[in-house]
Amino acid sequence: MQTIIINKNDAGQRIDNFLKKAYPKITSSLIYRYLRTKRIKLNDKKIAPSYHLQTNDKLTLYINDELLSKRQSASDFLLAPHTLNVVYEDENILLVNKPAGLIVHGDKSNKVDTLINRIHHYLFKNKSWDHTKENSFIPSLVHRIDRNTSGLVLAAKNAESLRILNEKIKLHEIDKYYLCHVHGIIDPKSGILHDYLTRNLKTKIVTVTNKPISKDSQSIITAYQTISHDKDTSLLEIKLVTGKTHQIRAHMAFINHPLVGEQKYTSKQYSQISAQRYQDLVAYKIVFNFKGNNGILNYLNHKVFKI
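In this report, we go over the structure that sits alongside the text. (Residues numbered from 1 in each chain as written. Predicted model: local features only at pLDDT ≥ 70, side-chain atom pairs only at ≥ 80, totals over all residues. Heavy atoms only, no water.)

### Remarks on the pattern of salt bridges
In the structure shown here, the tally under the stated rule is 11 salt bridges. A salt bridge links Lys58 to Asp44; the shortest N-O distance between them is 3.2 Å. Taken as a pair, Lys58 in strand S3 (residues 58–61) and Asp44 in the loop between strand S2 (40–42) and S3 lie far apart in primary sequence, 14 residues in all. Note on Lys58: relative accessible area 28%, which makes it partly exposed. Taking the shortest distance from any N to any O, the salt bridge between Glu262 and Arg249 comes out at 2.7 Å. Within this pair, whereas Glu262 is found in the loop between helix H6 (247–254) and helix H7 (268–273), its partner Arg249 is found in helix H6, the two being separated by 13 residues in sequence. (Salt bridge = Lys/Arg side-chain N within 4 Å of Asp/Glu carboxyl O. Helix = DSSP H or I, 4+ residues; strand = E, 2+ residues; numbered from the N terminus. Buried < 20%, exposed > 50% of the residue type's maximum accessible area, 1.4 Å probe, protein only.)

### Notes on the nonpolar core
Ranked by size, the top nonpolar core spans 30 residues in total, and within it Leu115, Ile119, Leu141, Tyr178, Ile238, Ile248 and Met252 carry the most contacts. Breaking this core down by element, the ones donating at least two residues are strand S5 (93–98), helix H4 (115–125), strand S7 (150–156), strand S8 (174–183), strand S12 (233–240), H6 and strand S13 (281–288). A per-element tally of this core places H4 first, with 5 residues. If sequence neighbours within four positions are ignored, Ile248 has contacts with Tyr178, Ile238, Leu240, Leu259 and Leu281. Ranked by size, the runner-up nonpolar core spans 21 residues in total, among them Leu61, Ile63, Leu67 and Leu68. (Core = buried A, V, L, I, M, F, W, Y, C linked by side-chain atoms within 4.5 Å. Contact = heavy atoms within 4.5 Å.)

### Some points on the pairing of S13
A regular strand places its side chains on the two faces of the sheet in alternate fashion. Among the 8 residues in S13, 7 count as buried, and that is most of the element. Bridge count between S8 and S13: 7 bridges; the pairing is antiparallel. When the sheet's bridge partners are listed, Tyr178 is paired in S13 with Ala283. (Pairing = 2+ DSSP bridges.)

What follows is the structure, given as structure tokens:
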């Protein structure tokens with residue numbers, strides 16, 4: 001038997017979703033069976049799977065110990081470096097400058113050194129978060145950038161901040177700006193590009209077209225402004241109105257102005273010109289344009305962060 005007292009980071013979740021995250025060895029079918037047969041009780045009573053947990057609820061699990069192992073072991077992130085280039089931090093959020101070449105989340109290679117593992121190690125070392133005292137919450141990234149793109153990445157340090165920031169991203173109340181070098185001189189010098197992006201899940205390559213080419217095609221909008229140029233390249237500021245996989249890289253290549261250093265979305269002509277390892281792309285500015293109810297993040301409204 002195990003007893004859990006629901007904390008602030010667990011509150012607000014459906015009980016079945018909480019159990020799936022907290023105890024990955026318990027399958028969905030077992031969770032529903034245990035709730036039905038009272039092997040999982042809330043405040044000593046039978047409870048429905050749709051119940052939303054509240055702070056200080058008492059959850060009692062009459063389940064074999066081998067199914068109650070936690071979802072994350074300390075070794076997952078303690079093996080990663082804990083040094084970060086922190087641009088801004090408070091009790092709710094962490095804004096870091098990611099170097100090019102660092103992946104944000106783990107992939108099939110099972111690399112330990114990821115941005116999220118560095119963040120977890122940093123927060124654990126600074127005593128801002130302790131995985132041993134949490135039931136289900138893990139500090140999380142609110143958005144991501146490509147491995148070979150550098151720049152600002154925003155993370156939430158508690159569950160309420162994560163919920164608010166995810167909602168603000170959906171409502172387009174967090175604006176993300178990038179700087180990039182592209183081949184050629186763009187005419188007109190500024191504009192808003194409206195096209196469609198289709199992702200191939202097998203090759204992990206996206207295709208940009210004027211019209212949707214399948215049911216999976218998604219509308220993309222990319223705004224750009226020329227800052228300067230020479231005879232061969234242009235420096236652009238780009239605002240992502242939509243934020244799809246490889247959007248900037250593929251969209252600029254689609255209009256025949258691929259990024260300098262780009263290898264995946266470029267022609268042979270430009271790939272031979274540039275021998276650098278990473279594309280010239282940096283997420284350099286985030287602007288918070290909150291509206292409505294901002295909860296504990298109200299103080300971030302109209303804040304601008306740059307690197």
